[in-house]
Amino acid sequence: MKTHLFASLCLAALAAANLTGQAQAAQPGQFTMTATDYGFVGPEQVPSGLTAVEVLNQGAEVHHAQLVRLAPGKTPADFAAAMKADPEHPPTWVSFVGGPNAVVPGDRATALMELQPGQHLVLCLVPNKAGVAHVALGMAKPFLVTQTVATHLVEPKPDVVITARDFQFVLSTPITAGSHTIQLVNEGSQAHEVVLVKLAPAAKAKDFIAAFEPGADGPPPGRPLGGIVGIERGTRGIFTAMFDPGPYALICFFPDTKTGAPHFAQGMTWEFDVH
């Protein structure tokens, strides 16, 4: 989840250099980023290739794990400098490469992503009750994706495909009760995400969104169940979710590249019932 202040908040986090991690390398094919209030603990190096990326939320607030890749030769310090020069727009040499989307405290989510070698950052862009994104509170961590020959993972065949466009979600088939392997494909002109939410009875997507506005009182009327954080146009990610009967919503909080307004403000939500 994101606000239009994304760029300046990233700058604040990296300038503070409040970065945590374990001095270790992940095994090929999977790794976990443990989210706290406010930081990440996880490997310093990750092999490239098809990878199951897990976020484990051990904080007291909702968190996710947005992975970004820096262009060859660029560093986290370069990223901070670019944000200082233009706080409203990420540099063109940054790619959003997905990751598992938001989960509540004590929960976890996994996203299957294709990782390319290079310098990466993991960020949490979810805002707190004051409207300040967690990245501005130090929730950012660098890690390096190293070259590897291959992983043992085989990309599963999804039974539901969510196509993200400017500015709508299109589902390949209605979602029914049970477990589903879901692929997000970005056919838009800019980065998009999908947050999967199990809504409270009678609640709407707009009610869940309003709970993350600055000054909002009380818990959101729904439970985020993961999804895929921002991915660039022409790319994809896969996640699995269990659907019990009830109302659900798909929401894109990603900021528009021109206006900075979140995509949901342009109608990028989808509500549906599972029977």
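In case you missed it, the structure is sitting above this.
K.L.:
Sorry if this is basic, but what is going on with the side chain of His64 here?
P.N.:
Secondary-structure assignment places His64 in the loop between β4 (49-57) and β5 (66-70). Overall, His64 belongs to the buried group, its relative accessible area being 0%. At 3.3 Å, the side chain of His64 forms a polar contact with the side chain of Asn101. At 3.0 Å, the side chain of His64 forms a polar contact with the backbone nitrogen of Leu125.

K.L.:
What exactly am I supposed to notice about the nonpolar core here?
P.N.:
One finds Phe243 and Ile251 to be the most contacted residues of the largest nonpolar core, which totals 74 residues. Setting aside its immediate chain neighbours within four residues, Phe243 contacts Ile175, Thr176, Ala177, Gly178, His180, Ile182, Leu196, Tyr248, Phe272 and Val274.

K.L.:
Teacher, can you tell me more about the sheet that holds strand β3 (residues 45-47) here?
P.N.:
Backbone-to-backbone hydrogen bonds join strands into a sheet, with any given pair of strands oriented parallel or antiparallel. Reading across from one edge, β3-β9-β8-β5-β6 is the order of the 5 strands in this open sheet, with mixed pairing throughout. Taken across any chain shown, the strands that pair with only one partner, and hence form the sheet edges, are β3 and β6 (94-96). The sheet shows a mean angle of 35° between the axes of neighbouring strands, direction not considered.

K.L.:
Sorry if this is basic, but what is going on with the environment of Ile231 here?
P.N.:
Relative to the elements of secondary structure, Ile231 occurs in strand β14 (residues 222-231). Looking at Ile231, the relative accessible area reads 1%, which means it is buried. When the C-alpha atoms of Ile231 and Phe254 are compared, they prove to be 9.8 Å apart, with 23 residues separating the residues in sequence. When neighbours within four sequence positions are excluded, Ile231 is seen to be in contact with Phe96, Val97, Gly98, Met113, Leu184, Asn186, Gln190, Ala191, His192, Arg236 and Gly237.

K.L.:
Help me understand the packing of aromatic side chains in this model?
P.N.:
Aromatic rings considered in pairs are described by the distance between their centres and by the relative angle of their planes. Across all of its chains, the model carries 7 aromatic pairs by this definition. Consider the rings of Phe253 and Phe264, whose centres lie 5.3 Å apart with planes at 75°: the pair is edge-to-face. With Phe253 in the loop between β16 (246-251) and β17 (269-274) and Phe264 in the loop between β16 and β17, the pair connects residues that are 11 residues apart, well separated along the chain. A relative accessible area of 4% places Phe253 in the buried class. The class for Phe264 is buried, based on a relative accessible area of 19%. Pairwise contacts between aromatic rings join Phe243, Tyr248 and Phe272 into one cluster.

The rules behind each value
Residues numbered from 1 in each chain as written. Predicted model: local features only at pLDDT ≥ 70, side-chain atom pairs only at ≥ 80, totals over all residues. Heavy atoms only, no water. Helix = DSSP H or I, 4+ residues; strand = E, 2+ residues; numbered from the N terminus. Buried < 20%, exposed > 50% of the residue type's maximum accessible area, 1.4 Å probe, protein only. Polar contact = N/O pair within 3.5 Å; in protein donor to acceptor, adjacent residues only side chain to side chain. Core = buried A, V, L, I, M, F, W, Y, C linked by side-chain atoms within 4.5 Å. Contact = heavy atoms within 4.5 Å. Pairing = 2+ DSSP bridges. Axes fitted to C-alpha atoms, helices over the stretch in contact; angles between N-to-C directions. Phe/Tyr/Trp six-rings, centres within 6.5 Å; stacked < 30°, edge-to-face > 60°.

Note that all results are geometric; they support no functional claim without further evidence.
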